[in-house]
Amino acid sequence: MQHLSSPDIASERQVLPTTVYSPESSLSHRGELWRAMLKDLRASASLAWRFAVRDISAQYRQTLLGILWAFLTPLLTTVTWVFLSASGVVQVGETDIPYPVYVFVGTLLWGVLVESINAPLSQVTAEKSTLAKLNFPREALIVAGIYKALFNAAIRVSIVLICLPFLGVTLKLTVILFPLVLLSLILVGTALGLLVTPIGALYSDVGKILPVLMQFAMYISPVVFAMPEQGIARLVFLLNPFSSLLITGRDLLTGSSQEYVFSFLVVNALAVPVLLIGWIGYRVAMPIVIERMSS
Amino acid sequence: MSNEPLVKVEQVSKKFCKDLRRSLRYGAQDLVREMRGLHHGGSDALRPGEFWAVDDISFELTRGECIGIVGRNGAGKSSLLKVLNGLIKPDQGRVTMRGRVAALIELGAGFNPLLTARENIYVNGQILGFSKKDLQRRFDSIVEFSGIGQFLDSPVRTFSSGMKVRLGFAIAAQLEPDVLIVDEVLAVGDIGFRIKCLNRIQELLKETAVVFVSHSMPYVGRICTKVLVLEDGRCGLLTTDVAKGIDRYYGGFGWGERQDHFGAVVGIGAIRINGVLDFGSVTVQYGSDVALEMEILPQHERRTLCARLVVWNQEQRAVLDVIGQDGELFSWQSDGRDSVLSVQLRGLTLTAGKHSVSVIVSDCATKEVLCRVDNACGFLMGQHLSSAAGLFFPGEWAVGPLAIGEDRTEESACAVVSA
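Residues numbered from 1 in each chain as written. Chains lettered and ligands numbered in written order. Predicted model: local features only at pLDDT ≥ 70, side-chain atom pairs only at ≥ 80, totals over all residues. Heavy atoms only, no water.

**Side note on the layout of surface pockets**
All names here are of chain A. Approximately 1900 Å³ is the volume found for the largest pocket. The element that contributes the greatest number of residues to the lining of the largest pocket is helix H2 (residues 30-59), accounting for eight residues. Tallied by class, residues from the lining of the largest pocket come to 22 nonpolar, 12 polar and 16 charged. (1 Å grid on protein atoms, 1.4 Å probe; cavity = no way out; pocket = protein on both sides within 12 Å on 5 of 7 lines; lining within 4 Å. Points joined across faces, edges and corners; volume = space filled by probe spheres on them. Helix = DSSP H or I, 4+ residues; strand = E, 2+ residues; numbered from the N terminus. Nonpolar A, V, L, I, M, F, W, Y, C, P; charged D, E, K, R; others polar.)

**Quick word on the confidence of the model for chain A**
Residues and elements named next belong to chain A. For chain A, per-residue confidence averages 85 on the pLDDT scale, and residues scoring 70 or more make up 95% of the total. The weakest mean pLDDT in chain A belongs to helix H1 (residues 9-14) at 46; the strongest belongs to helix H7 (residues 178-202) at 94. With pLDDT under 50 throughout, residues 1-13 is counted as low confidence; its partners more than four residues away or in other chains account for 30 contacts. (pLDDT = per-residue confidence, 0-100. Contact = heavy atoms within 4.5 Å.)

**Thoughts on the sheet that holds strand E4 (residues 92-98) of chain B**
Remark on secondary structure: sheet strands pair via backbone hydrogen bonds, oriented parallel or antiparallel. Within the open sheet, the four strands sit side by side as E1(A)-E4(B)-E1(B)-E2(B). Their pairing is antiparallel. Because the sheet does not close on itself, it has two edges, and the strands there are strand E1 (18-21) of chain A together with strand E2 (50-61) of chain B. When strand polarity is set aside, the average angle formed by the axes of neighbouring strands in this sheet is 25 degrees. In the sheet, strand E1 (residues 7-17) of chain B pairs with E2 of chain B via eight bridges, with the strands oriented antiparallel. Across the sheet, the residue bridging to Val9 of chain B is Phe59 of chain B, located in E2 of chain B. On top of the sheet, helix H2 (residues 77-84) of chain B reaches E1 of chain A together with E1, E2 and E4 of chain B; it is set at about 60 degrees to E2 of chain B, its chief contact. (Pairing = 2+ DSSP bridges. Axes fitted to C-alpha atoms, helices over the stretch in contact; angles between N-to-C directions.)

**What about the packing of aromatic side chains?**
Here the structure, examined in full by the defined rule, presents 16 aromatic pairs over all chains. An angle of 75 degrees between the planes, with centres 6.0 Å apart, marks the rings of Phe145 of chain B and Phe193 of chain B as edge-to-face. In this pair, Phe145 of chain B sits in helix H4 (residues 132-146) while Phe193 of chain B sits in helix H6 (residues 191-204), placing the two residues 48 residues apart along the sequence. In this structure, Phe145 of chain B and Phe193 of chain B share a single accessibility class: buried. Clustering of aromatic rings is evident, with ring pairs tying together Trp81, Tyr219 and Phe225 of chain A. It is Arg138 of chain A that lies over the ring of Phe136 of chain A; its NZ or CZ is 5.0 Å from the centre. It is Arg47 of chain B that lies over the ring of Tyr26 of chain B; its NZ or CZ is 4.3 Å from the centre. (Phe/Tyr/Trp six-rings, centres within 6.5 Å; stacked < 30°, edge-to-face > 60°. Buried < 20%, exposed > 50% of the residue type's maximum accessible area, 1.4 Å probe, protein only. Lys NZ or Arg CZ within 6 Å of the ring centre and 35° of its normal.)

Here it is in structure tokens:
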């Protein structure tokens, strides 16, 4: 954004950008809407980076363990489930790789998804006061959320890659495709997250119910449980859009056969229009949300 | 070209809802309507529980103009600003902004308390629309303007609110926008910094159209070229006569109550101004007289009493301290009986607006205040000339021929004229 005057003020002043605020819905001028969306997306790139750097550096500043927190949670989850399955309290099913690896990778991938789903709403909630006072490209918050998710994913994945050989899993060449799975988790997560943000920013019910739903979704996804062999449980797992993402990710790491590539592609293809609809909804909603949430 | 308006506000209205639950429901309804491509805010009618927070406001602003938007709390100033800044949509009307718009609304919004001032300069600067390169270039001048150089690497949460405002304004002051929106940001900060800010705004005003919201009328009087007085969301007055606008703003407040303090030894009864008891009903024209009569009700035997009046203008500045002809407090011997104290103020040259009078009676010997009545009576000075001062002083002016001779040079011409 060229918010500052260039040395050649006179020529710049010839073409003053004009902004009109009227009660008309921005959806009534589709062409303008798309142009504005793309323009704001471009303009938000560096601001989003700044937001992400700010939040990441502030995140661990008041902690003792610092960046260790990024994978401490999945590690503890793994320990819990290894204990539960070893003691026979919970039947998790047969896994083709060692169960601790299965859970560790599963919870890490799941963490990326959950974080991406939560990001848009939590970004808006955290920046409420800034949103209500300053006019900056609203896309910056979403992009910053994506940057942060990417950063956290990168840390976790490097930990996994370092740990796997010690856990008896030899990495295959397919691992170079693994980042694609991370991107698709972030794509799907952001698309879903954007979809609930407008109403979630108005009613805090959404923010309260989201973790509960995600907890439930985890149990019907191949995160800690193996893919069921048959029955209604298998159908539920198969219909669950997250399953193919998780399984494909795990298979790429361990070099297992790629059974779910097709549904993986379908889920990603469906996520794109959802993301666009969510984005439009978010843009349209922001003035309304700001009007209702600020004094 | 420069005469084209940069800000054009046409019949803008904005509804608000007092009830939170309803407000959220209307928000959800608006959201659905908006997604269906319909007009914002429903039909033009108010829904139950709603009111017009901004009602049919229009004005224009060109480069070099500064509009002061004034009004009591809740008059709709902030809502109007939010519409102007594009944060919320108008329910009716239209706002056209040309050029880059910068807003100084609550400085330091977006500061992260854990990060250092240095880091926050970059974050805040980019929120305000600087590019990274611009910020690097202007970093030193930001730090210099803020005057918090030695705390550059301390986390912002250790800053006082005044320091945060300093930092916030220093960043924003580097912007060179076409339209500047300023919302009551000068309220915090010490007087030195406030003057610095005001000077910076005035400097920007040469190339900018400024929307200035403040409760501080001296600032409005100092920098604004027109005033919009908001009264319950409606336009009470839109005028280029800034003094008149300010009077209108003050006129919106009542006279207040008479307040008596420490009246145990001496009480003050009825007070008449120009023979009238009725509070605030007297209008005094420039240069005319005012007569005050006060009933003095002593509760003691004999004492020497002193009296003085203090006249306050509408900014709550004391503009006159009325004493006796001899340059001392007026004093008299009280024999303990009720009496009437009267004073004539001849040829008053106060500036326009509401004035209220305090009466102070003290013991001449001990200087102890025996009775003080604030808001004892009030009068309205008529409109005469606009002034930011409290009092006109009719000077003795003259124009004569220039003195010839001496060692006058070209450079000292100015000094000679003023001498």
